[in-house]
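Chains, contacts and geometry: an overview
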Amino acid sequence: MDLETLLSYSWGSMLPEFIILGTATLLTLIDLFMGDKTSRKPLAYLGLAGVIAAFIALTMQIGDPVSIILNETYRLDSFAIAFKLILLAGTGLVLLLAVNHNDRGEMDDHGEFYYLFLTALLGAMMMASSADMITLFIGLELVSLSSYVLVGIRKRNKNANEAAMKYILNGGIATAITLFGMSYIYGLTGYTNLFLIHDSLQYGMAVANQDILLIAIIITFIGLAFKIAAAPFHMWAPDVYQGAPTPVTAFLSVVSKTAGFIMLWRLVLIVIDVLDVEYQQYIENMLIILAGLTMVVGNTIALKQTNIKRMFAYSSIAHAGYLLVPFFAGVDTMVTLWFYLVVYLFMNIGAFTIIQIVSEKERTAEITAFGGLYKRAPLLASLMGLFLISLAGIPFTAGFMGKIWIIFGALSEELYILVAVMITTTVISYVYYFRVMMQMFFRTPFSEGKVSAPVTMLIVAFICAAGTLILGIMPGLGIDFFENNFYMIDLFVE
């Protein structure tokens, strides 16, 4: 590529990514020259400033025409912008949690703790804009490698070490499986670009070998199912969620999961629809089984958990099952998936905010630590109650509206069994969510004294509570924002 071609690209479309890259690089350099005993918390605020700047730059790109650069591997379209907003908002809130994380002397690398969130975010943003299997894979690995380090960053904590080891091993296997599936797709089509793969599936060797192609796509899906913690490929999630610092757990449950769904959507919408109807039916059946099994496994095993972070790991698995349901109605239900991910961001990060406050105060993440929280911190208990009933899907909360939209979409596709499974498992989830509420409101206090929260933690909790309530009472605000600003037909512009 010559300089003239390089300069001809519309690099402005990558401005949010450049801001995140520049901020992460700046934090790395500042961290190098800071004294050993100097607090690294200012790095978190600088990182947050970078995320806010990238968020503003991204909002200014809403409504821009589709931009395709770097030999058609990077594209800025409505799909990318819509989901990058979720990634940036989630990371910004997580950084505010990270500022107040008390590692109790178990962490040496405080600087890395902040800017690795940014490198993981950069990988997720690249995935949102990728139209090529190579850049999708590179983005996925950037998210994964940063997350491995973040999970194991408390080097003197046995649970963290165990979690990091299991995460690396399972993540490595998932990566190998994903890459193996992709290699077959490349071998059959001769391309890594998703649109060229889409075109080549309609003629030549790929048409004559659709059986092998189907197996390749299923193998790729299995690898990605590890990443979104869909059953039965969810085994890593409970240990990793429990062993990781709480801000990292919140990041994995929202930002990392969103990135996995983004990659899955790109592949499903662009590649799958040109397969023979018979093969599309095979993939649809596989996804139906995967969604149903994920909802059942997540919600039933959560019932037995006594550690709240493990319970939320299984809750996260169950929500991955809910998020798989909109895949069957194609691009028409994109707004459903986006809305649910926004809702999930608010209620899940909000819940992890209260979990971090309580678990650091009581030095345990057992559910019993929430005993009598209402008597010791009525505001925190009320906020946690709001997030729990929203996660459970109780009316007048954002979680309820998100589930209703998914159910309506599934009914329009006549997926009655899947809807029955979703409703049944949602009712089951009431048991473990309400068990935490019983601890907070009807049990004796776990310990003496008030539970206080830093200002930044309260800011996160109030932002999440406002989002949960507003989108629950006025869901049209979110739906109208999406439908008026994002045009999913952009996804297919070449």
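As the structure is a computational prediction, the values presented were derived from the model and not from experiment.

**Focus: a nonpolar patch on the surface**
Taken together, the side chains of L469, I470, I473, M474 and L477 make up a nonpolar region of the molecular surface, amounting to roughly 460 Å² of accessible area. Residue placement: I470 occurs in helix α20 (residues 455-473).

**Notes on the packing of helix α6 (residues 133-151) against helix α12 (residues 246-271)**
Angle between the axes and distance between the axes are the two parameters that describe a pair of packed helices. Viewed as axis vectors pointing N to C, α6 and α12 meet at an angle of 170°, and their least axial separation amounts to 11 Å. Classed by the angle they form, the pair α6 and α12 counts as roughly antiparallel. By crossing handedness, the relation of α6 to α12 is classed as left-handed. Along the contact surface, α6 presents L136, L140, V143, S147, L150 and V151, while α12 presents V248, F251, L252, S256 and M263. In terms of residue class, the contact of α6 with α12 is made up of 9 nonpolar, 2 polar and no charged.

**Here we look at the nonpolar core**
By size, the foremost hydrophobic cluster in this structure holds 182 residues, and its most contacted members are F83, I308, F312, L324, I354 and M384. In terms of residue count, the dominant contributor to this core is helix α15 (residues 334-362) (20 residues).

**Some remarks on helix α10 (residues 210-227)**
In this model α10 runs 26 Å from its N-terminal to its C-terminal C-alpha over 18 residues, within 8% of the 26 Å that 1.5 Å per residue would give. The buried fraction of α10 is high, at 13 of 18 residues.

**So, the domain arrangement of the protein**
Here the protein is described as being made up of domain 1 (13-269) and domain 2 (276-493). If you look at the interface, domain 1 gives 59 residues, while domain 2 gives 58 residues. Here domain 1 meets domain 2 over a buried area of about 5,200 Å², counting both sides, of which 73% is carbon and sulfur. Where domain 1 packs against domain 2, one counts 1 salt bridge. Residue D239 pairs with R310 through a salt bridge whose shortest N-O separation is 2.7 Å. Viewed at the interface, domain 2 and domain 1 are joined by 14 residue pairs in polar contact (both at pLDDT 80 or more). At the level of elements, α4 (78-99), α10, α11 (236-243) and α12 are the ones that each hand at least two residues to the side of domain 1 that touches domain 2. If one sorts the elements of the side of domain 1 that touches domain 2 by residue count, α12 sits on top with 14 residues.

**Quick notes on empty space enclosed by the protein**
Taken as a whole, this structure holds 6 cavities of 30 Å³ or more when the rule is applied. Considering only enclosed or pocket space, the largest cavity measures out at about 140 Å³ in volume. Taken together, 14 residues form the lining of the largest cavity, with S144, Y167, F226, K227 and S256 sitting closest to its centre. Secondary structure elements with two or more residues in the lining of the largest cavity: α6, α7 (158-189), α10 and α12. Considering each element in turn, the lining of the largest cavity owes the most residues, 4 residues, to α7. In terms of residue class, the lining of the largest cavity is made up of 8 nonpolar, 5 polar and 1 charged.

Basis of the calculations
Residues numbered from 1 in each chain as written. Predicted model: local features only at pLDDT ≥ 70, side-chain atom pairs only at ≥ 80, totals over all residues. Heavy atoms only, no water. Patch = residues over 30% accessible without salt bridge, like charges linked within 9 Å, V, L, I, M, F, W, Y side chains within 5 Å. Areas by Shrake-Rupley, 256 points an atom, 1.4 Å probe, with all protein chains shown as cover. Salt bridge = Lys/Arg side-chain N within 4 Å of Asp/Glu carboxyl O. Helix = DSSP H or I, 4+ residues; strand = E, 2+ residues; numbered from the N terminus. Axes fitted to C-alpha atoms, helices over the stretch in contact; angles between N-to-C directions. Parallel < 35°, antiparallel > 145°, perpendicular 65-115°, else oblique. Left-handed = near helix turned anticlockwise from the far one by under 90°. Contact = heavy atoms within 4.5 Å. Nonpolar A, V, L, I, M, F, W, Y, C, P; charged D, E, K, R; others polar. Core = buried A, V, L, I, M, F, W, Y, C linked by side-chain atoms within 4.5 Å. Buried < 20%, exposed > 50% of the residue type's maximum accessible area, 1.4 Å probe, protein only. Expected span 1.5 Å × (residues − 1). Domains from an automatic or database assignment. Buried area = accessible area lost by both parts, 1.4 Å probe. Polar contact = N/O pair within 3.5 Å; in protein donor to acceptor, adjacent residues only side chain to side chain. 1 Å grid on protein atoms, 1.4 Å probe; cavity = no way out; pocket = protein on both sides within 12 Å on 5 of 7 lines; lining within 4 Å. Points joined across faces, edges and corners; volume = space filled by probe spheres on them.

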